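Here's the letter readout for the chains.
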Amino acid sequence: QVQLVESGGGLVQAGGSLRLSCAASGSILSINTMGWDRQVPGKQRELVATVTSGGKTNYADSVKGRCTASRDNAKNTVYLEMNSLKPEETAVYYCNADVVSISRALRTSWGQGAQVTVSS
């Protein structure tokens, strides 16, 4: 079993910055891609960023230039640094990880979500 625990959400003013963290634990052999999605109430969940085990990143067009995804493979942790935040980016942010378990099974695991509120 694998658990992902997010931290770092909260309230920030428009134009401000926030850093989210997500640590994976449990029966982990290795982790391939890790990433972040977000969901605004009433809207579909959307991809924000992904980062491979080699550090290659991919971003949604809406956050390019303002967000940086990174990871610490030794700690099984992924980060999302967000700058110049906008009120419309108020959402629940979910981390995810493609985990190869000790039993050699590959499965995508999700965190419980971190609320980010951007005030205008």
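Worth saying up front: this structure is predicted, and the values here are computed from it rather than measured.

About the criteria used
- Residues numbered from 1 in each chain as written.
- Predicted model: local features only at pLDDT ≥ 70, side-chain atom pairs only at ≥ 80, totals over all residues.
- Heavy atoms only, no water.
- Pairing = 2+ DSSP bridges.
- Helix = DSSP H or I, 4+ residues; strand = E, 2+ residues; numbered from the N terminus.
- Axes fitted to C-alpha atoms, helices over the stretch in contact; angles between N-to-C directions.
- Disulfide = S-S within 2.5 Å.
- Buried < 20%, exposed > 50% of the residue type's maximum accessible area, 1.4 Å probe, protein only.

Asks: Break down the sheet that holds strand β7 (residues 67-72) for me, with residues and values.
Replies: Ordered in space as β1-β3-β8-β7, the four strands form an open sheet in which the pairing is antiparallel. Each end of this open sheet is capped by a strand with a single partner; those strands are β1 (2-7) and β7. Neighbour to neighbour, the strand axes of the sheet diverge by 15 degrees on average, direction disregarded.

Asks: Explain the state of the cysteines to me, and be specific about the residues and the numbers.
Replies: Here the structure, examined in full by the defined rule, presents one disulfide. With its sulfur 1.9 Å from that of its partner, Cys22 forms a disulfide with Cys95. Here Cys22, found in strand β3 (residues 18-26), pairs with Cys95, found in strand β9 (residues 91-101); they are 73 residues apart in sequence, far enough to count as distant. With a relative accessible area of 1%, Cys22 lands in the buried category. Of the residues examined, Cys95 reaches a relative accessible area of 0% and is grouped as buried. Of all cysteine sulfurs, the one in Cys95 lies closest to Cys67, which takes part in no disulfide; the gap is 15 Å. With relative accessibility at 6%, the residue Cys67 sits in the buried group.

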